Amino acid sequence: MRRFIRKYILPLLLSILVTSCFTDFDPGIQSDPVLCMSSLITEGDSIKVSLTHTWAWTDSKIIEVASPHPSSEYNPAILVRDGVVRLYVNDEYEETLRLESYVSDYLWNADYPWIMTGYVYYQADYIPKSGDRLRLEAESAEYGSASAEVIVPEKVEIDTVEYTVSNYSESVTTSTMTYGMNLNISAWFEDPSESVNYYMFKTSSSGYVYESDDESIRSVESVTFADVSEEPLFTEHVSALDHALGETSGYSLFSDRQISGKRYPLHIRLEDLEYYIRNQDTGPELGKGYVSLDLYSISSSYYRHVISIWAANDGIVGSLGSIGLADPVFTASNVSTGAGVVAAATKCSYRLSLEEIINDMQ
């Protein structure tokens, strides 16, 4: 019923309300572009900062260069190459970031050759640690200045994983082994009580390909699955109306407002998991497949930014705002110019060995 209302009833009502209400309109508002600064800082990894500038959707020069994806990070028309970006760690100046460029063959598109220019970014030598308070200050002669501050979160470990297996199957031949199953997983962690915390959860899997000098020898290992988790914390930001009419899937961010200081199991369900191995004898690393359960502690700026994107794109208020029937929803930013976001995350991974699961089932 909820899907029927969201798919058929709501679009019908909206179409009635907005019939004959659309026309091309250029308000002609003059607005000077400002710096847009974006960075996702991860504990233990190098800091990379993207500098672009804001622009009007009616700017024909940018649209002509960037079509069909004018807002893409690969858009050369909005990249800022003359910036100076300074990094401060715990209020002490650390360094001025260096300008780097990135071009990859996979960016090549014959229809849109401009994309081969790749993109530029600013990189630091400093490797961030949990607890660091980082401040980035950027300047551009043409677009002015921008600054943002973020604290790298402390790591929160997944300390225990429990699981049950269903629909188990296996098929073994002389050269291949295929195992199938569904997994119901409880990933336990303890939320620190002394602070307000925000999290993101992801699942991933291993893969392996081995090719020898003999082209006839090729060993493969793959792990595939469908993550159909319905963990209640993943939808704590969704209102009753959004549950009925909006899109609620695809997000796995949550806060600790329901579990502050408590130990809690995330409920993860993986369906149609297939573990495939081919030519194990010739591939020395085969037989070590796993599912990775990744718990990220994220900064409040990251949480607020992503939730605001959900509200703007999938929430009922954002949907109504996009057609003028409610106030528009703007994405959250912690950058002084209001454009972009500087966020931080710390990752904890727990590898669930498929070999151990299979041995238990036999």
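Residues numbered from 1 in each chain as written. Predicted model: local features only at pLDDT ≥ 70, side-chain atom pairs only at ≥ 80, totals over all residues. Heavy atoms only, no water.

## Focus: the overall build of the chain
Within the chain one finds six helices and 17 strands. In the chain, which comprises 362 residues, the proportion classed as buried is 41%. The long-range fraction of contacts in the chain, counting pairs at least 24 apart against all pairs at least 6 apart in sequence, stands at 71%. Surface exposure of the chain reaches about 19,900 Å², of which carbon and sulfur atoms provide 50%. (Helix = DSSP H or I, 4+ residues; strand = E, 2+ residues; numbered from the N terminus. Buried < 20%, exposed > 50% of the residue type's maximum accessible area, 1.4 Å probe, protein only. Contact = heavy atoms within 4.5 Å. Areas by Shrake-Rupley, 256 points an atom, 1.4 Å probe, with all protein chains shown as cover.)

## A few points about the pattern of salt bridges
With the rule as written, the count across this model stands at ten salt bridges. The partner of Arg 269 in a salt bridge is Glu 271, and the shortest N-O contact between them spans 2.9 Å. Owing to a relative accessible area of 26%, Glu 271 belongs among the partly exposed residues under this scheme. In the salt-bridge network here, residues are joined through shared partners; they are Asp 91, Arg 133, Arg 135, Glu 137 and Glu 149. (Salt bridge = Lys/Arg side-chain N within 4 Å of Asp/Glu carboxyl O.)

## Quick look at the environment of Lys 155
Within the secondary structure, Lys 155 is located in the loop between strand E8 (144–151) and strand E9 (158–172). Take Lys 155: its relative accessible area is 40%, and that puts it in the partly exposed class. On a C-alpha basis, the gap between Lys 155 and Cys 348 in space is 6.7 Å, while along the polypeptide they are 193 residues apart. Ignoring sequence-local partners within four residues, the contact set of Lys 155 consists of Glu 43, Ser 130, Ser 297, Thr 346, Lys 347 and Cys 348.

## A word on the nonpolar core
In terms of nonpolar packing, the biggest core is built from 31 residues, with Phe 189, Phe 254, Leu 266, Leu 273 and Leu 295 touching the most fellow members. Breaking this core down by element, the ones donating at least two residues are E9, strand E10 (176–190), strand E11 (198–205), strand E15 (263–278), strand E16 (290–298) and helix H6 (354–361). Look past the residues within four positions of Leu 295 in its chain and what remains in contact with it is Val 156, Ile 158, Phe 189, Tyr 199, Met 200, Phe 201, Phe 254, Leu 266, Thr 346, Lys 347 and Cys 348. Counting 25 residues, the second-largest nonpolar core is a separate cluster that includes Leu 51, Val 85, Ala 138 and Val 335. (Core = buried A, V, L, I, M, F, W, Y, C linked by side-chain atoms within 4.5 Å.)

## Regarding the packing of aromatic side chains
Under the criterion given, the structure shown has eight aromatic pairs. Aromatic side chains Tyr 179 and Tyr 275 sit 6.1 Å apart centroid to centroid with 35 degrees between the ring planes, which places their arrangement in the tilted category. Linking Tyr 179 in strand E10 with Tyr 275 in strand E15, this pair joins segments that are 96 residues apart in sequence. By the burial criterion, Tyr 179 is buried, and Tyr 275 matches it. The ring of Tyr 88 has Arg 135 sitting right over it, with the charged end atom 4.3 Å from the ring centre. (Phe/Tyr/Trp six-rings, centres within 6.5 Å; stacked < 30°, edge-to-face > 60°. Lys NZ or Arg CZ within 6 Å of the ring centre and 35° of its normal.)

## Points about the sheet that holds strand E3 (residues 84–89)
Reading across from one edge, E4-E3-E7-E8 is the order of the four strands in this open sheet, with antiparallel pairing throughout. Edge positions in the sheet fall to strand E4 (92–96) and E8, since each has one partner strand and no second. Sheet twist, expressed as the mean angle between neighbouring strand axes with direction ignored, is 20 degrees. Of the strand pairs in this sheet, E3 and strand E7 (residues 133–140) are connected by six bridges, and their pairing is antiparallel. Paired with Val 85 across the strands is Ala 138, a residue of E7. (Pairing = 2+ DSSP bridges. Axes fitted to C-alpha atoms, helices over the stretch in contact; angles between N-to-C directions.)

## Here we look at the environment of Ile 357
Following the sequence through the fold, Ile 357 ends up in helix H6. By relative accessible area, which is 1% here, Ile 357 ends up buried. Taking C-alpha positions, Ile 357 is 9.9 Å from Tyr 290, a pair spaced 67 residues apart along the chain. If we ignore the near neighbours within four places in the chain, the residues touching Ile 357 are Tyr 163, Val 165, Met 181, Leu 183 and Leu 352.

## Notes on the confidence of the model for the chain
On average, residues of the chain score 80 in pLDDT, and 69% of them reach the 70 mark or higher. At the level of individual helices and strands, the chain shows its lowest average pLDDT in helix H1 (residues 2–18), which scores 46, and its highest in E3, which scores 98. Note that pLDDT drops below 50 for residues 66–72; the model gives that stretch twelve contacts with residues more than four away or on any other chain. Scored below 50 in pLDDT, residues 105–117 makes 24 contacts in the model with residues more than four places away or belonging to other chains. (pLDDT = per-residue confidence, 0-100.)

## A short note on the pairing of E4
Inspection of the sheet shows E3 paired to E4 by four bridges, in the antiparallel sense. Bridging across to E4, Arg 86 finds its partner in Thr 96. A loop of two residues connects E3 with E4, the two strands running antiparallel in sequence, and Asn 90 in this loop sits at a positive phi of about 50 degrees.

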